[in-house]
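# Architecture and fold: a report
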Amino acid sequence: MDISNKTRSIIDKDEKLLSRSIRIPFFPLVVKSGRGAVLEDLEGRKYIDFLSFGAISNVGHNHPAVVEAIKEQAESLIHCNPAYAFHEKLTELTEELTVITPGNFEKRVAYGVSGGDANDGAIKAARAYTGRQKIIAFLRSYHGNTYGAMGISAVSLPMRYHFGPGVPEIYHVPYPDCYRCPLGHQNAERCGLACYQYFLGMFETLFSPDEVAAVIMEPIQGDSGIIIPPQEYMQYLYDFCKKHGILFVSEEVQTGMGRTGKWFGIEHFNLEPDIIVIGKALASGMPLSALVARKEIFEAWTSPGHVFCTSGNPICCAASLATIGIIRREGLLKKTEEMGRYIRERFNRLAEEYEQISQVRGQGFMIGVDLVKDRSSRERARDLAAKIVWRCYEQGLYLTFFSGSVLRICPPLVITQEELDRGISILEGAIADAISGKVPDNVLDMVKGW
Ligand SMILES: Cc1ncc(COP(=O)(O)O)c(C=O)c1O
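Residues numbered from 1 in each chain as written. Predicted model: local features only at pLDDT ≥ 70, side-chain atom pairs only at ≥ 80, totals over all residues. Heavy atoms only, no water.

## Some remarks on the pattern of salt bridges
Under the criterion given, the structure shown has 23 salt bridges. Aspartate 223 is paired through a salt bridge with arginine 408; the nearest N and O atoms lie 3.7 Å apart. Of this pair, aspartate 223 sits in the loop between β7 (212–217) and α8 (231–244) while arginine 408 sits in strand β15 (residues 406–409), and the two are 185 residues apart along the sequence. The exposure class assigned to arginine 408 is buried, which follows from its relative accessible area of 7%. Glutamate 338 is the partner of lysine 334 in a salt bridge, and the nearest nitrogen-oxygen pair spans 3.1 Å. Placement of both lysine 334 and glutamate 338 in helix α11 (residues 332–353) is noted, with a separation of 4 residues, approximately one turn of the helix. Relative accessible area serves as the criterion here: at 56%, lysine 334 is assigned to the exposed category. Note on glutamate 338: relative accessible area 41%, which makes it partly exposed. Here the salt bridges do not stand alone but share partners, grouping Glu106, Arg108, Lys295 and Glu299 into one network. (Salt bridge = Lys/Arg side-chain N within 4 Å of Asp/Glu carboxyl O. Helix = DSSP H or I, 4+ residues; strand = E, 2+ residues; numbered from the N terminus. Buried < 20%, exposed > 50% of the residue type's maximum accessible area, 1.4 Å probe, protein only.)

## Focus on the side chain of arginine 346
Position of arginine 346 among the secondary structure elements: in helix α11. By relative accessible area, arginine 346 is classed as buried at 15%. A distance of 3.2 Å separates a polar atom in the side chain of arginine 346 from a polar atom in the side chain of aspartate 421. (Polar contact = N/O pair within 3.5 Å; in protein donor to acceptor, adjacent residues only side chain to side chain.)

## Concerning helix α12 (residues 382–395)
Spanning 14 residues, α12 covers 20 Å between terminal C-alpha atoms, matching the ideal 20 Å at 1.5 Å per step. Packed against the buried residues of α12 are β3 (46–49), β12 (366–371), β13 (397–398), β14 (400–402), β15 and α13 (417–435). Glycine 396 lies just past α12 and shows a positive phi near 95°. (Expected span 1.5 Å × (residues − 1). Contact = heavy atoms within 4.5 Å.)

## Focus: the domain arrangement of the chain
According to the domain assignment, the chain consists of domain 1 (5–59 + 331–445) and domain 2 (65–329). Between domain 1 and domain 2, the C-alpha centre-to-centre distance is 26 Å. Counting residues at the interface gives 33 residues for domain 1 and 32 residues for domain 2. When domain 1 packs against domain 2, close to 2,800 Å² is buried across both sides, 55% of that on carbon and sulfur atoms. A per-residue breakdown of the area domain 1 buries against domain 2 is headed by Leu333, Met366 and Arg378, which together make up 27% of the total. Viewed at the interface, domain 2 and domain 1 are joined by 2 salt bridges. Here domain 1 is connected to domain 2 by 19 residue pairs in polar contact (both at pLDDT 80 or more). Per-element accounting of the side of domain 1 that touches domain 2 gives the leading share, 5 residues, to strand β11 (residues 357–363). (Domains from an automatic or database assignment. Buried area = accessible area lost by both parts, 1.4 Å probe.)

## Examining the nonpolar core
In this structure, Leu97, Met257, Ile388, Leu399, Leu407 and Leu427 are the most contacted members of the largest nonpolar core, which totals 79 residues. Considering each element in turn, this core owes the most residues, 9 residues, to helix α10 (residues 314–329). Look past the residues within four positions of leucine 97 in its chain and what remains in contact with it is Val109, Tyr111, Ile278, Leu282, Ala290, Val292 and Ile324. Residues Cys195, Met202, Met217 and Phe269 belong to the second largest nonpolar core, which totals 26 residues. (Core = buried A, V, L, I, M, F, W, Y, C linked by side-chain atoms within 4.5 Å.)

## Some points on the site of the ligand
By nearness alone, 13 residues border the ligand, and Gly115, Gly116, Glu251, Gln254 and Lys280 come closest of all. Separating an oxygen atom of the ligand from a backbone N or O atom of glycine 116 is a distance of 2.7 Å. Note that a nitrogen atom of the ligand is positioned 2.5 Å from one of the side-chain N or O atoms of glutamate 251. Here the ligand has 390 Å² of accessible area as a free molecule, and 81% of this is covered by the chains. In terms of residues, the shell around the ligand owes the most to one element, helix α5 (residues 115–130), which gives 3 residues. Looking at the shell around the ligand residue by residue, the class counts come to 2 nonpolar, 7 polar and 4 charged. (Near = heavy atom within 4 Å. Areas by Shrake-Rupley, 256 points an atom, 1.4 Å probe, with all protein chains shown as cover. Nonpolar A, V, L, I, M, F, W, Y, C, P; charged D, E, K, R; others polar.)

## Some words on the side chain of aspartate 120
Topologically, aspartate 120 is positioned in helix α5. Lysine 124 provides the closest opposite charge to the buried, salt-bridge-free aspartate 120, at an N-O distance of 6.3 Å. A polar contact of 3.3 Å, which involves the side chain of aspartate 120, links it to the backbone nitrogen of glycine 148. If we skip the residues at most four places from it in the chain, aspartate 120 touches Thr146, Tyr147, Gly148 and Ala149. (Lys, Arg positive; Asp, Glu negative; His and termini not counted.)

## A short note on the sheet that holds β15
Pairing within the open sheet is antiparallel, and its 4 strands lie in the order β11-β12-β15-β14. Across the chains shown, the open sheet's two edge strands, defined by having one partner strand only, are β11 and β14. Looking at each pair of strands side by side, their axes are set apart by 30° on average, direction ignored. Two strands pair when backbone bridges link them, and β12 and β15 are joined in this way by 4 bridges, in the antiparallel orientation. Looking at the pairing, valine 369 lines up with leucine 407 of β15. α12 rests against β12, β14 and β15 of the sheet, and its axis sits at about 160° to β14. (Pairing = 2+ DSSP bridges. Axes fitted to C-alpha atoms, helices over the stretch in contact; angles between N-to-C directions.)

In structure tokens:
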């Protein structure tokens with residue numbers, strides 16, 4: 001694909017000056033602007049967005065109501081450090097968050113600027129409240145790149161290698177992935193919930209439940225390729241936590257804010273977490289994270305336990321209030337649930353045609369299309385995934401993959417039916433082209449991905 005000198009010079013300079021630690025390379029795409037579910041690059045080419053920059057632009061790019069809220073707030077007050085003074089937008093947002101989060105009990109809220117710091121906060125608050133140290137997290141989870149969040153993450157080696165020892169007393173257990181069982185079972189119906197038995201096994205040999213402060217879990221595991229745990233597992237785990245005074249933390253940085261067709265992913269399991277971790281789409285990409293917890297938990301967390309000078313920034317709060325308003329007014333939860341079902345049906349039909357599409361997983365607009373070399377081995381088809389996303393990029397669809405070979409279908413919730421169908425058609429064509437050898441091998445040098 002032709003690239004202008006201007007685009008080339010930006011990318012060259014960037015590659016020369018920027019730390020490689022911040023980027024996951026896919027395409028030479030310099031984004032100029034965005035509106036709704038469409039991005040435009042410097043060359044004036046348009047792309048239907050199936051990424052939402054990683055479940056962030058849930059209400060679409062530059063939604064007029066978010067732009068207006070940001071402008072209006074910037075006119076009156078750009079910043080107010082919540083450690084030292086109150087401001088109206090923060091209070092308004094705090095009230096909203098207690099309403100949209102599950103749990104019919106009194107709540108308290110804390111703020112930060114990223115999903116990572118919010119996860120650190122969950123660890124700190126859980127330890128402060130319970131007086132216990134140990135935290136249980138899940139293999140293949142991604143929680144962010146601060147030390148605490150990195151400590152509970154286990155998505156890939158490069159995010160931890162050489163950075164240790166980090167935060168102590170974190171223990172990882174297998175996430176219940178019934179397609180690629182981490183314990184080697186082939187049949188989820190007959191495994192006897194082996195991953196839950198593994199979880200229980202830790203308490204026979206390693207430590208007692210009364211040493212554990214919290215279990216931190218994504219209700220749908222995102223970056224490992226959209227893994228949905230069985231309801232039974234979730235209920236057992238939750239009941240175990242309740243019985244032993246262990247806090248159940250629902251990590252909703254990716255699943256939250258309507259992404260799965262409900263405000264929060266944990267609602268699909270009818271469970272009420274003790275702490276909810278929110279980030280990403282909370283303020284449509286403006287840096288804001290939040291923790292919502294049972295009142296008594298945060299009352300045990302004393303000042304300055306979670307103070308950040310720029311957290312709860314008025315512009316971010318205004319953007320967040322606008323985002324919540326849009327999700328309500330435009331009925332995006334219902335729409336996402338219905339259209340998500342439609343997307344899964346389309347890809348399931350495609351799976352009947354192509355042996356390489358082995359499974360379609362997801363809820364709402366958080367969908368993974370798992371590509372394999374063959375269905376019996378379930379070996380990941382990484383090169384195929386890279387070629388498909390490249391062809392999509394050439395044809396005007398912004399699509400990525402994760403976990404080696406899972407296509408990430410993650411459009412803004414405001415996408416129109418027409419845009420969605422156009423995007424899926426491009427993707428269908430790209431799958432056909434990549435499988436029939438029409439996409440050259442040299443694109444593999446450019447598409448690195450996860
Ligand atoms: C589930 C989950 N938690 C936490 C994070 C980290 O968020 P941030 O990059 O804002 O720290 C991410 C980011 O991708 C995520 O997917």
